[in-house]
Structures are given as structure tokens and as C-alpha cells.
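Examination of the molecular architecture
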Amino acid sequence: MAEAVAIRHIAFEDLGSFEQVLRDRDFDVTYVDAAQGRVRERVERLRPDVLVVLGGPMGAGETEAYPFLEEETALIRAHLSRAKPLLGICLGAQLIAAALGAKVVPAGAKEIGWGRVDLSGEGAVSPLAGLTAPVLHWHGDTFDLPPGATHLASTPVCRNQAFALGRTVLGLQFHAEVRGSAVESWLIGHAYEISQAPGVSVQQIRTDTHRYAALMEEQGRRFFGRWLDGARA
């Protein structure tokens, strides 16, 4: 059985609807929680065929406060050398960008809530093409496009919302994996951040979740399946 490993930074930011896509393709799915330490050692022991680096509330550059981020960056570089599928979501995308030599910087404004992404020409012919529903945004940092990467998507607040490096590497600043049933945990876990973000409200995110989440889950599973199949081909 193939092995998929997801590095998790906070309990409620998991693989969401993507997990079933992996299991449907006979992957054994294992979470490695960064808080438990020895991230690189634990992941490399599993020899993953697919590595997913999930989101989290810290910044990619906060390595003094969170030393495991340096381990993750080194692990990402090692995984890149093996040419196996690698997906980064939010913080995970920022860490991939940093591992590839790109800058990760404050975005200037927090982007929190549901909204569409605008696909580039390359994005429109990528697996992202079917992701037309609003997705969940939850970040305050952004990254430069890594050298050699293809720009796939943007929003008015954040130009670099998605990038690809060949068929096997994909970075998503946004969340297309989250299930609607999980968003309430985000609202609780990120309550302080929401309270400090101008124009963002729990009520609006909750309303938009009821409006958009079901379609996004369906499209998200389809998009991830297309990308995964192409990355493994």
C-alpha cells in the first residue's frame, strides 16, 4: 500500500475532504503532528509516496519560536529531490516557497473568509480549472513566486495564491480541503485573530460556509484527485 503523510500544525487543520481521495486510491494516511517533535525523522521513517504540509497559525519565518519549521523546510528540500508528489496548503505552501528560495513576507492585510480565486492562463488548464466555487482564505502572509514555478491563481489581496513546479509540486495559499462541518472549529480556534481582523466576522464566515462549503468540497475532491493522478503518472 502506498503511504501518504500529512504534517499537521494544529488539530483542526487536517486533510479534510482530501483524505478520502487518498484512501480511495489505496493510500495509507498518516498524520505527523509538528508539536510532537522530530518531524523530519518521523516523516522520513515512513518513506511517503505523497507528502502534504498543512496550514498553521505561525509564520514560515518564525523558526526561533518554532524550531520544527527548519526541520520541515529541510524535509521539503529532501522530498523535492525524490520527485514525488508534494502539496503545501497555506503555511505549507509558504514553507515550500521558502525551501525553493522564495521570500515569505507579510501580505499587508489579512485575507480571512470565503472568496473565489482568479486563475491565470496556466491555472485555467491545470487541475484547478474545476475549482470555480469560493474557497476558504485564512492567512496574513504571502510569498514570492519560487524560481521556475508556474503561477496558477491570484486574488485582489494576494497575487500568489497557487503555484506549481512541474507535475509533482503544488502550493495553495487558500484552503480547498476544509469541510464545512469543520469550520466551526476554525471559528473557535482562531477567535482572537478574527477579532483583530477589520471587516471579518464570525457570523459572515458561518453564513458563507452554509452557502459555499458543500460545492467547494465536491469541487475540491475532484481537483485534488486530478492533481494527484497527474502527479503520480
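The text that follows walks through the structure, step by step, so that each part is easy to find. Numbers given to residues run from 1 along each chain, matching the order in which its sequence is written. This being a predicted model, a pLDDT of at least 70 is required before a residue's local features are given, and a value of 80 or more before pairs of side-chain atoms are given or counted; all residues contribute to the totals for chains, interfaces and linings. To obtain the side-chain values, all non-hydrogen atoms of the structure were used and water was disregarded.

Examining the overall build of the chain
Operational definition: A run of DSSP states H or I qualifies as a helix once it reaches four residues; a run of E qualifies as a strand once it reaches two. Both are numbered from the N-terminal end. Buried residues are those whose accessible area, probed at 1.4 Å on protein chains only, stays under 20% of the maximum for their type, while exposed residues exceed 50% and partly exposed ones sit between those limits. Each accessible area is a Shrake-Rupley result for a 1.4 Å probe, and residues are judged covered by the shown protein chains and nothing else.
When its secondary structure is counted, the chain shows 7 helices and 10 strands. Judged by the C-alpha coordinates and their principal axes, the chain covers about 45 × 40 × 30 Å. Here the chain holds 233 residues, and 55% of them are scored as buried. Total accessible area computed for the chain in this model is approximately 10100 Å², and 49% of it derives from carbon and sulfur atoms.

Comments concerning helix H2 (residues 39-46)
As a reminder of what qualifies: In this context, the arc is that of the directions from the helix axis out to the C-beta atoms. Contacts were defined at the residue level, with two residues in contact if any of their heavy atoms lie within 4.5 Å.
For H2, the complete set of buried residues consists of Val39, Arg42 and Val43. Looking straight down H2, one finds its buried side chains confined to an arc of 95°; they lie on one side. Residues of H2 that are buried make contact with strand E1 (2-8), strand E2 (27-33), strand E3 (50-53) and helix H3 (68-81). Just downstream of H2 lies Arg47, where phi reads positive at about 50°.

Digging into the environment of Ala78
For Ala78, the location among the structural elements is in helix H3. Among the residues examined, Ala78 registers a relative accessible area of 13% and is labelled buried. Residues Ala78 and Glu44 lie 34 residues apart in sequence; the distance between their C-alpha atoms is 9.4 Å. Not counting residues within four places of it along the chain, the set of residues in contact with Ala78 comprises Arg40 and Glu44.

Re the packing of aromatic side chains
Note on aromatic pairs: each is described by the distance of the centres and the angle between the planes. How we decide: In this analysis, rings of Phe, Tyr and Trp, with Trp reduced to its six-membered ring, are considered paired at centre separations within 6.5 Å, and the interplanar angle assigns stacked below 30 degrees, edge-to-face beyond 60, and tilted for intermediate values. Geometrically, a lysine NZ or arginine CZ counts as sitting over a ring once it is within 6 Å of the ring centre and also within 35 degrees of the ring normal.
If you walk through the whole model with that rule in mind, you get 8 aromatic pairs. Where Phe12 meets Trp186, the ring centres are 5.9 Å apart and the plane angle is 50°; that geometry is what we call tilted. Remark: Trp186 occurs in helix H5 (residues 183-189) and Phe12 occurs in the loop between E1 and helix H1 (18-24); sequence separation between them is 174 residues. Taken together, the ring pairs in this structure connect Phe18, Phe223, Phe224 and Trp227 into an aromatic cluster. When the ring centre of Tyr31 is taken as reference, the NZ or CZ atom of Arg8 above it lies at 4.0 Å.

Some thoughts on the packing of H3 against helix H4 (residues 91-99)
For clarity, the cut-off: Inter-axis angles, ranging from 0 to 180 degrees, are taken between N-to-C directions of lines fitted to C-alpha atoms, where helices are fitted over the stretch in contact. Each angle gets one of four labels, with under 35 degrees taken as roughly parallel, over 145 as roughly antiparallel, 65 to 115 as roughly perpendicular, and the rest as oblique. By the definition used in this description, the sense in which the near helix is turned from the far one sets the handedness, with an anticlockwise turn below a right angle giving left-handed and a clockwise turn giving right-handed. Any residue outside Ala, Val, Leu, Ile, Met, Phe, Trp, Tyr, Cys, Pro, Asp, Glu, Lys and Arg is labelled polar, Gly included; the first ten of those are nonpolar and the last four are charged.
Their axes nearest at 9 Å, the elements H3 and H4 cross at an angle of 65°. Classified by the angle between their axes, H3 and H4 sit roughly perpendicular to one another. Between H3 and H4 lies a crossing whose hand is right-handed. For the pair H3 and H4, contact is made by Leu69, Glu72, Thr73, Ile76 and Arg77 and by Leu91, Leu95, Ile96, Ala98 and Ala99, respectively. Looking at the contact of H3 with H4, its residues break down into 7 nonpolar, 1 polar and 2 charged.

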